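Here is what each chain is made of, one letter per residue.
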Amino acid sequence: MYEKRKVWLAVSAASATLLGSTAAQADVAQDLLQAEQHYTMVAPFAGAGEGEGEGSGVVDLRVNDAAYLAQLGLIRGHLYVGKKLYDQGHLGMAKTHMKHPEDELYAALVPAFEARGVDGFADQLSTLANTVNNARGDDAVNQAYNDLVAAIDAAEQVQQKSVKSVLMSLSSMLLTAGEEYDIGVQQGSIVNVHEFQDAYGFTAIAKARINQLSAQQREANAAALDEVAEILAQLPELWPTITPEGKVEGDSSTLYGAAARIELATLN
């Protein structure tokens, strides 16, 4: 389950990293406390799987665009890091991130696809997973991955969504990334490499999604998008490698803080 308070408890640490003056930190903390009253994206998504920090519960993906985009973003993140691991030769780890249509994250989206009148991508998920699992070669894996990404693009329809919904989805994904990082890293030691890798994938997709917006969307929302782009650019590198050995230096509070600041930028 999402822990809403973790965002706000992490704000001071994140602000100290991102802001220089004590006065600026106080101003941001006050704004974030005000934004807490309106925070809507920390609620779990209806039907999503439990146990990975990826939620279960209450938001209706059939009508909530931000939650719908965030859920698709989580699937993208799993696949993105899986493909990266595959490309680096880590076949065993890559397989653990390749999602199937029976996976809970995807299953939760099926009613939303039907309600929204869009095609799902169950066939493409199966093809990629089978191609990787059966070692059919790089060309086949690359083609299957590209076909799947195109199918997810078609289901997302980002340019038909409000910019507010898109930005709220980024906030939610970064919050989930923070939770996964907490599970994966404890006192600088990797205790769950899968969750550590998930956090990387979710953050990478959150950073990339802003580039899916149309020129018209960008022009109409330039100030908010510039602010969010700056927040994303200020995120430290928490993943020196996605197959780490030994200690890592990273603090999930920066992910929680970025999620909260993006939320605030969206509300403003």
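Residues numbered from 1 in each chain as written. Predicted model: local features only at pLDDT ≥ 70, side-chain atom pairs only at ≥ 80, totals over all residues. Heavy atoms only, no water.

A. Layout of the overall build of the protein chain. Of the regular secondary structure elements, the protein chain holds 14 helices and two strands. Look at the contacts in the protein chain between residues 6 or more apart in sequence, and 74% of them connect residues 24 or more apart. Entry remark: accessible area of the protein chain is about 11800 Å², with carbon and sulfur atoms responsible for 47%. (Helix = DSSP H or I, 4+ residues; strand = E, 2+ residues; numbered from the N terminus. Contact = heavy atoms within 4.5 Å. Areas by Shrake-Rupley, 256 points an atom, 1.4 Å probe, with all protein chains shown as cover.)

B. Molecular detail of the packing of helix H10 (residues 163-184) against helix H11 (residues 193-209). Relative to each other, H10 and H11 sit at 160°, their axes nearing to 8 Å. By the criterion of interaxial angle, the relationship of H10 to H11 is roughly antiparallel. Read as a crossing pair, H10 and H11 show a hand that is left-handed. Between H10 and H11, the residues in contact are Val166, Ser169, Leu170, Met173, Leu174, Thr176, Ala177, Glu180, Tyr181, Ile183 and Gly184 and Glu195, Phe196, Asp198, Ala199, Phe202, Thr203, Ile205, Ala206 and Arg209, respectively. (Axes fitted to C-alpha atoms, helices over the stretch in contact; angles between N-to-C directions. Parallel < 35°, antiparallel > 145°, perpendicular 65-115°, else oblique. Left-handed = near helix turned anticlockwise from the far one by under 90°.)

C. Quick peek at the pattern of salt bridges. Enumeration over the complete set of coordinates arrives at seven salt bridges. Put simply, Asp153 and Arg76 hold a salt bridge, and the shortest N to O gap is 2.2 Å. Of the two residues, Asp153 sits in helix H9 (residues 138-156) while Arg76 sits in helix H4 (residues 65-87), which places them 77 residues apart along the sequence. With a relative accessible area of 36%, Asp153 lands in the partly exposed category. Its relative accessible area of 11% is what places Arg76 among the buried residues. Note that Arg76 and Glu156 form a salt bridge whose closest N and O atoms lie 2.8 Å from each other. In this pair, Arg76 is assigned in helix H4 and Glu156 in helix H9, connecting sequence segments 80 residues apart. (Salt bridge = Lys/Arg side-chain N within 4 Å of Asp/Glu carboxyl O. Buried < 20%, exposed > 50% of the residue type's maximum accessible area, 1.4 Å probe, protein only.)

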